[in-house]
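Residue-level structural notes
In case you want the letters, here they are:
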Amino acid sequence: MMLELSDPSLLKQAALVDGAWIAPGADAIDVLNPSDGGLVGKVPSCGSAETSAAIAASVAAWPEWRARTAHERCALVERWHALVMENLPDLARIMTAEQGKPLAEAEGEMRYAASFIKWFAEEGRRVGGRDVASPERDRRILVMVQPVGVSAAITPWNFPAAMITRKCAPALAAGCPVVIKPSEFTPFSALALAELALRAGIPAGLIHVLTGMPQEIGETITSSPDVRKLSFTGSTRVGSLLMRQCADTVKRLSLELGGNAPLIVFEDADLDNAVKSAMASKFRNAGQTCVCANRIFVHAAVEEEFLARLSAQVSALNAADGFVPGSTIGPLINQAAVDKVAAHVEDALDKGGRIVATGQGREDGQFVRPLIVAGANSDMRFASEETFGPVAPVFRFESEAEAIAMANDTPFGLASYFYTRDISRAFRVAEALEAGMVALNTGSISMEMAPFGGIKQSGLGREGGTQGIEEYLETKTFHIGGLEI
C-alpha cells in the first residue's frame with residue numbers, strides 16, 4: 001500500500017542482524033493492513049540460524065558497549081530519541097498501516113514510546129552503587145551494579161512501538177545488547193525504530209530485529225545460555241511457557257501478562273470524570289490493551305445515570321479506517337479477535353445482558369462497533385476472560401465490600417481503577433485491590449516515570465520508572481579487607 005512517507009526508507013522490508021538487513025525469501029511473511037486486508041509489505045521468516053547469529057553478534061559487541069561510560073551510552077540513546085521525534089509522522093503512519101489504530105492514536109503512542117527513550121537516557125546516567133556500613137574497621141563493603149548482559153525482548157502487536165522502547169531503551173542505557181522479536185502482525189514499527197537507532201550511532205551489534213513466527217525464534221532465545229535476560233509482553237499462557245523454557249538457563253525475567261482490570265464507580269464519584277476515564281481506559285486502541293477496563297462495576301445508586309452518560313459518549317464513537325479523519329475506533333487485529341468479541345457478547349445476551357448503546361461506523365471485516373452491555377453478571381465470560389475489544393460490560397454492586405470482592409475475583413492483577421471522593425475509602429480500597437497498579441479518579445496509569453507491571457498471573461518485574469532500568473542490572477557485592485585504617 002502507498003503510505004506517503006516523507007522518508008520511505010523507514011519502511012524496512014527486512015530483518016536486522018548485526019547491522020545487516022536481511023531481505024525476505026521465498027517463505028516471506030505478508031504483513032496485512034487489518035482495515036482492508038491490503039498488503040503493507042513482506043518480511044523474512046527468521047529462524048534458529050538468524051537468531052543464533054544475532055545472539056553471537058550481541059555477545060561480541062557487549063564488552064565494548066559495557067565498557068563505555070554511562071554518559072557515552074546515554075548520549076546515543078538520547079540521539080535516538082531525537083530522531084524518533086523528528087520522524088514521528090512517518091512512524092505513526094507505518095503503525096496505523098500495520099496495526100490499524102487511528103492515526104491520532106498512533107501519533108500518541110509514538111510520543112509515548114519516545115518518552116521511554118528520553119527517560120532511560122536520563123536514568124542511565126544516574127545508575128550507581130552504594131557503601132554498606134562495615135562491621136570491621138579494616139573492611140569496606142561496596143555494592144556495585146553492572147549490566148546483566150545480552151537481553152531479549154518479545155513484544156506484542158497492540159502497542160508495537162511503546163513495548164519496544166520501554167524494553168530496549170533501559171537495556172541499552174544500562175549497557176546491554178538487545179535482540180528483539182516483534183509480533184509477526186506488526187514488525188515494521190520495530191524495524192523503523194531500529195533503523196533510527198542505527199542512525200543515532202548505536203553500534204550494529206547491539207540491536208537486532210528478528211521477524212517471523214515466534215516458536216523457533218523463541219526456543220532459540222530461551223535455550224541460549226548467552227541470553228541472560230528475557231522481557232516479554234503478551235498472554236499469560238505464553239508467558240508461563242517462556243518461564244518454563246528459561247528455567248534450564250536461569251534467566252532474569254520480566255513478564256507483563258494478561259489482565260482483567262476492574263473499574264469501580266462508587267456512589268459518591270464525580271460521574272463526569274468517571275465516564276471520561278472509562279472511555280479512555282476501555283476504548284483506547286479499540287479495547288485491545290491489557291490494562292483496559294474489562295469489567296465496570298457501578299454502585300446501584302448511580303448506575304442509571306452513569307449508563308446514560310456513558311451511552312452518550314459511546315454512541316458518538318466511530319469505527320473506521322485509521323487514516324480516515326474522524327476515526328476513533330480502528331479494526332481489531334484479526335478475525336479471531338472479532339470472533340472472540342462476538343462470542344462474549346452472545347454469551348452475555350444469553351445470560352441476561354442487554355445492549356444499551358452502540359457506536360457508529362463500520363461493522364464489516366475486522367471492525368466491531370463499540371457497545372455497552374448492561375446487566376452483566378459473574379456467570380458471563382466477561383467476568384473471567386479478557387475481551388480485548390470495544391465492549392464495555394457494566395456490573396451492579398451494592399456495597400464497598402462487594403465491589404472489592406468482585407474486583408479481586410480473578411487470577412489476574414495488572415491494573416485496577418476506582419472513583420470516589422471519600423479520602424478514607426480511597427485508602428481502604430487502594431490497599432484492598434489486588435493489582436500491581438491502582439488508579440484513583442483517573443483512567444491513565446501508563447507513563448515513563450512510573451513503574452508498570454502486575455501481580456498474580458499478570459506477571460513479574462516492572463517497566464518504566466527507576467525500576468525499569470534495574471531489571472537490566474546485576475548486583476555485585478565487593479568486600480575489601482586488610483585496609484590500614
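See above for the structure.
Since the structure is predicted, the reported quantities are computational estimates derived from the model, not experimental observations. (Residues numbered from 1 in each chain as written. Predicted model: local features only at pLDDT ≥ 70, side-chain atom pairs only at ≥ 80, totals over all residues. Heavy atoms only, no water.)

Re the nonpolar core
Using the following cut-off: To qualify as a nonpolar core, a set must consist of buried Ala, Val, Leu, Ile, Met, Phe, Trp, Tyr and Cys residues joined through side-chain atoms within 4.5 Å. Burial classes follow relative accessibility: with a 1.4 Å probe on protein chains only, a residue under 20% of its type's maximum area counts as buried, one over 50% as exposed, and anything between as partly exposed. Only heavy atoms enter the contact rule, under which two residues are in contact if any of them lie within 4.5 Å.
Among the nonpolar cores identified, the biggest contains 67 residues, and I264, V265, F306 and Y417 are the most heavily contacted of them. Beyond its immediate stretch of four places on either side in the chain, Y417 contacts A261, P262, L263, I264, S281, V291, A439, T442, G443 and I445. Residues Y112, V148, A174 and I469 belong to the second largest nonpolar core, which totals 65 residues.

What to know about the packing of aromatic side chains
The test is simple: Between rings of Phe, Tyr and Trp, where Trp is taken as its six-membered ring, a pair exists when centres lie within 6.5 Å; planes separated by under 30 degrees are stacked, by over 60 edge-to-face, and by other angles tilted. A run of DSSP states H or I qualifies as a helix once it reaches four residues; a run of E qualifies as a strand once it reaches two. Both are numbered from the N-terminal end. A ring is scored as having a charge over it whenever the NZ atom of a lysine or the CZ atom of an arginine sits within 6 Å of its centre and within 35 degrees of its normal.
The tally for this structure, following the rule as stated, stands at four aromatic pairs. Here Y112 and F116 contribute two aromatic rings whose centre-to-centre distance is 5.0 Å and whose plane-to-plane angle is 70 degrees, an arrangement assigned as edge-to-face. Of this pair, Y112 and F116 both sit in helix α4 (residues 103–123), separated by four residues, roughly a single helical turn. For Y112, a relative accessible area of 18% corresponds to the buried category. Judged by centre distance (5.9 Å) and plane angle (90 degrees), the ring pair of W157 and F388 falls under edge-to-face. One end of the pair, W157, is in the loop between β7 (151–154) and α5 (162–174); the other, F388, is in the loop between β17 (371–376) and β18 (391–397), and 231 residues separate them in sequence. It is K12 that lies over the ring of W21; its NZ or CZ is 4.7 Å from the centre. Stacked on the ring of W62, the Lys or Arg R66 has its end atom at 4.4 Å from the ring centre.

Quick look at the sheet that holds strand β5 (residues 130–132)
What counts, and what does not: Pairing between strands requires that DSSP locate at least two bridges from one strand to the other. Inter-axis angles, ranging from 0 to 180 degrees, are taken between N-to-C directions of lines fitted to C-alpha atoms, where helices are fitted over the stretch in contact.
Across the sheet, which stays open at both edges, the three strands sit in the order β5-β6-β24 with antiparallel pairing between neighbours. What marks the edges here is a single partner per strand, and that holds for β5 and β24 (473–480). Within the sheet, the average angular offset between the axes of one strand and its neighbour, ignoring direction, is 30 degrees. The pairing of strand β6 (residues 140–147) with β24 spans eight bridges and is classified as antiparallel. Bridging across to β24, L142 finds its partner in F478.

Considerations on the pattern of salt bridges
Counted only if it meets this: Salt bridge, as used here: a side-chain nitrogen of Lys or Arg that lies within 4 Å of a carboxyl oxygen of Asp or Glu.
Counted by the stated rule, this structure contains 30 salt bridges. When the shortest N-O distance is used, the salt bridge between E122 and K118 registers 3.8 Å. Residue E122 and its partner K118 are both found in helix α4; the two are separated by four residues, about one turn of the helix. Three or more residues joined by partner-sharing salt bridges are found here, namely E267, D268, E400, R425 and R428.

What to know about helix α1 (residues 48–67)
Definition in use: Here the expected span of a helix is defined as 1.5 Å times the quantity of residues minus one. One axis fitted to the seven residues ending at a residue, another fitted to the seven starting there: the angle between these axes is the bend at that residue.
Helix length check: α1 (20 residues) gives 29 Å between terminal C-alpha atoms against 28 Å at 1.5 Å per residue, within 8%. The largest bend along α1 measures about 40 degrees and falls at A61, with the proline P63 one to four residues further on. For α1, every residue scored as buried is listed here: T51, A54, I55, A57, S58, A61, W62 and W65.

Observations regarding the pairing of strand β11 (residues 252–256)
Note the threshold: By definition, the crossover connecting two strands over a helix is right-handed if that path, from the first strand to the second, turns clockwise as seen with the strands pointing away from the viewer.
Counted residue by residue, β11 has four buried out of five residues, so it is predominantly covered. Bridging between strand β10 (residues 229–233) and β11 involves five bridges; their strand directions are parallel. Residue pairing across strands places S231 opposite S254, the latter belonging to β11. Taken together, β10, helix α8 (residues 236–245) and β11 form a β-α-β motif whose crossover is right-handed.

Regarding the packing of helix α3 (residues 88–99) against α4
For any two helices packed against each other, one specifies the crossing angle of their axes together with the interaxial distance. Counted only if it meets this: Working rule for angles: under 35 degrees goes down as roughly parallel, over 145 as roughly antiparallel, 65 to 115 as roughly perpendicular, anything else as oblique. In this scheme, a crossing is called left-handed if the near helix is turned counterclockwise away from the far one by less than a right angle; it is called right-handed if the turn is clockwise. Gly falls in the polar group here, along with every residue not listed as nonpolar (Ala, Val, Leu, Ile, Met, Phe, Trp, Tyr, Cys, Pro) or charged (Asp, Glu, Lys, Arg).
Remark: α3 packs on α4, axes separated minimally by 8 Å, with the N-to-C direction vectors making an angle of 120 degrees. Between α3 and α4, the interaxial angle falls into the category oblique. Our pair here, α3 against α4, has a crossing hand that is right-handed. Residue-level contacts link L88, L91, A92, R93, M95 and T96 of α3 to L103, A106, E107, E109, M110 and R111 of α4. In terms of residue class, the contact of α3 with α4 is built from seven nonpolar, one polar and four charged.

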